[in-house]
Structure formats: structure tokens, C-alpha cells
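Remarks on the overall topology
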Amino acid sequence: DAKTTQPPSMDCAEGRAANLPCNHSTISGNEYVYWYRQIHSQGPQYIIHGLKNNETNEMASLIITEDRKSSTLILPHATLRDTAVYYCIVFNAGGTSYGKLTFGQGTILTVHP
Amino acid sequence: NAGVTQTPKFRVLKTGQSMTLLCAQDMNHEYMYWYRQDPGMGLRLIHYSVGEGTTAKGEVPDGYNVSRLKKQNFLLGLESAAPSQTSVYFCASGRGLSNQPQHFGDGTRLSIL
């Protein structure tokens, strides 16, 4: 699985958009980009995923660059409850990874009033 | 809509005691996983299962055993608990497909004294 690079921490004001970047320059063509978050040691929560097109759901938007080497998770109107560790993961269920998700260090997002 | 349910949520054991952690999912997923998370570290895969009656070793299987007698349940056993097994244990399930997310339980916090 390709490795990802994320900033260790970011701050965001409540009500503003939070834009979390992720670099995955070694991503291969069949690997998806997934985002999860973990709030205060709860179980990782799935947010969104994509292959090459931009995606949006009720929680967030995912913007993937055309060359797929980087992506940005956007929380459009951050709230205090969005304070968490955000993980960017590149994932391919096939090959030797047996569907294992590889979590890096993630980005600690702190939303402040 | 329960998703992935882990029991118990907390447990304290003495060194040498045994116990079983239960994971149950109601999404009819084929794949199930047991991870552990230690402070300052990402999730590490202990064992996984690709279907009822199957199990396989992950990255850190020593000291643990698993069973998948029913599709919806995945059990993690500690035969002789050691302080090094103090951790937070997460169960996850998925369809084993690149474009389908895994879903996690809320974790079991286990302390070995």
C-alpha cells in the first residue's frame, strides 16, 4: 500500500471550513483514498473515499488532484465535535494486504470556538 | 442499526488470566479484523478472517487466538494475559472490496496487571 503524509496538527475556527491535506505520491492506479477519523479513542469512523473523482457526502467532501498524488478532505462547517485525529489511507483490497487498513499518525484537528 | 458491537467495553485482568473478546456485526460482511492500538501508535492488525470458518494471522498475532464459527461473530482470545497486551482492541468488518469501507466497533479497553 502507498504511504501517506499528513501534517501532524491543524487548527480551525468553529463554523469555518476545515481543509485537511494528504500527500500520496506513490499511489497506484487501483488504490482508493480513504479518510477516517478517531474521536477521543473511540473506534475509527469512516468519513469518505474516492478513486479519482471528487466525492461528497453528508459529512465531507474529498478533492483528489488529477494526478492522484494528493487529496484534501473538506469539512465545510467545522464544529467542536469535529475535533479528532483524521487519517488519510490509500487502500487496495487485493494483493497481499488482505484488506488491512494501514493507519499512519494522522492529523490532529482542533476546532476552537 | 448496530453496525459493529464489541463486548466488553472495559476489562482488567491479572497476568496469566484468560479471556475472550467478542465482536458482532449485523452488516453481513465477509471480512472481519482485530486490531490493537497502543498510545502514540497506529492500529496494528492481530488476526483477520475472510469468511465463516476461516482465520489468518496479521502483523502481531503472538499471544492471541481467534475463531469465526458464525459469520456475524469474530472472537479474540487471550489464553494467558501478559502486561504487554494492555491495549485498546478494535474490531472491524467489511466486504473485502477496495471500494467498500470497513466499519469499526467502539473498542475494548483491556488492562493487564
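Our subject is the structure that appears above.
1. Topic: the overall build of chain B
- A count of helical and extended segments in chain B gives zero helices and 11 strands.
- The helix and strand sequence of chain B, counted from the amino end, reads β-β-β-β-β-β-β-β-β-β-β.
- For 113 residues, the compact-globule formula gives about 13 Å, and the C-alpha radius of gyration of chain B, at 13 Å, lands near that figure.
- Taking the principal axes of its C-alpha atoms as reference, chain B extends roughly 40 × 30 × 25 Å.
- Residue burial in chain B is summarised as follows: out of 113 residues, 50% are buried.
- Residue pairs in contact within chain B that sit at least 24 positions apart in sequence constitute 54% of those at least 6 positions apart.

2. Things to note about the nonpolar core
Residues and elements named next belong to chain A.
- Membership of the largest hydrophobic core comes to 21 residues, with the highest contact counts inside it found for W35, L73, Y86 and L109.
- Elements that contribute at least two residues to this core include exactly β2 (18–23), β3 (32–38), β4 (45–50), β6 (61–64), β7 (70–75), β8 (84–91) and β9 (107–112).
- Ranked by residues supplied to this core, first place goes to β8 with four residues.

3. Some details on the sheet that holds strand β5 (residues 55–56) of chain A
Residues and elements named next belong to chain A.
- Taken in spatial order, the four strands make up an open sheet running β2-β7-β6-β5, and their pairing is antiparallel. Either end of the sheet is taken by a strand with one partner, and the two such strands are β2 and β5.
- Taken together, the four bridges between β6 and β7 define a ladder with antiparallel strand orientation. Counterpart to S61 in the pairing with β7 is I74.

4. Details of the packing of aromatic side chains
All names here are of chain A.
- Per the stated rule, a full pass over the model turns up 13 aromatic pairs over all chains.
- Considering the side-chain rings of Y36 and Y46, the 5.8 Å spacing of their centres and the 70° angle between planes classify their relative orientation as edge-to-face. Highlighted residues: Y36 in strand β3 and Y46 in strand β4, separated in sequence by 10 residues.
- Look at Y36 and you get buried, because its relative accessible area is 0%.

5. Structural notes on the side chain of Q85 of chain B
Residue and element names in this part refer to chain B.
- Tracing the backbone shows Q85 in the loop between β8 (73–78) and β9 (87–94).
- Residue classification places Q85 among the buried residues on the basis of a relative accessible area of 5%.
- Apart from residues no more than four positions distant in its own chain, Q85 is found in contact with R36, D62, G63, Y64, L78, S80, L110 and I112.

6. Some points on the pattern of salt bridges
Residue and element names in this part refer to chain B.
- For the structure on display, the rule yields four salt bridges over all chains.
- Notably, a salt bridge pairs K71 with E30, separated by 2.8 Å at the nearest N-O pair. Pair noted here: K71 is in the loop between β7 (64–67) and β8 and E30 is in the loop between β3 (19–25) and β4 (31–37), with a separation of 41 residues, a long-range link.
- The partner of R44 in a salt bridge is D38, and the shortest N-O contact between them spans 2.6 Å.
- In the salt-bridge network here, residues are joined through shared partners; they are R36, D38 and R44.

7. Notes on the interface of chain B and chain A
- Counting residues at the interface gives 24 residues for chain B, matched by 23 residues for chain A.
- In this assembly, chain B packs against chain A so that about 1,700 Å² is buried in total across both faces, 54% of it on carbon and sulfur atoms.
- Summed over the shared surface of chain B and chain A, the result is zero salt bridges.
- One can count seven residue pairs in polar contact (both at pLDDT 80 or more) joining chain B with chain A.
- At the level of elements, β4 and β5 (43–49) of chain B are the ones that each hand at least two residues to the side of chain B that touches chain A.
- For the side of chain B that touches chain A, the leading source of residues is β4 of chain B, giving four residues.
- By residue class, the composition of the side of chain B that touches chain A is 10 nonpolar, 10 polar and four charged.

8. Examining the side chain of R68 of chain B
Residues and elements named next belong to chain B.
- Tracing the backbone shows R68 in the loop between β7 and β8.
- Although R68 is buried, it makes no salt bridge; E30 carries the closest opposite charge, 5.5 Å away.
- In terms of polar contacts, R68 uses its side chain to reach the backbone carbonyl oxygen of H29, at 3.2 Å.
- Polar side-chain contacts of R68 include one of 2.7 Å to the backbone oxygen of K71.

Procedures and definitions
- Residues numbered from 1 in each chain as written.
- Chains lettered and ligands numbered in written order.
- Predicted model: local features only at pLDDT ≥ 70, side-chain atom pairs only at ≥ 80, totals over all residues.
- Heavy atoms only, no water.
- Helix = DSSP H or I, 4+ residues; strand = E, 2+ residues; numbered from the N terminus.
- Rg over C-alpha atoms; globule rule 2.2 N^0.38 Å.
- Buried < 20%, exposed > 50% of the residue type's maximum accessible area, 1.4 Å probe, protein only.
- Contact = heavy atoms within 4.5 Å.
- Core = buried A, V, L, I, M, F, W, Y, C linked by side-chain atoms within 4.5 Å.
- Pairing = 2+ DSSP bridges.
- Phe/Tyr/Trp six-rings, centres within 6.5 Å; stacked < 30°, edge-to-face > 60°.
- Salt bridge = Lys/Arg side-chain N within 4 Å of Asp/Glu carboxyl O.
- Buried area = accessible area lost by both parts, 1.4 Å probe.
- Polar contact = N/O pair within 3.5 Å; in protein donor to acceptor, adjacent residues only side chain to side chain.
- Nonpolar A, V, L, I, M, F, W, Y, C, P; charged D, E, K, R; others polar.
- Lys, Arg positive; Asp, Glu negative; His and termini not counted.

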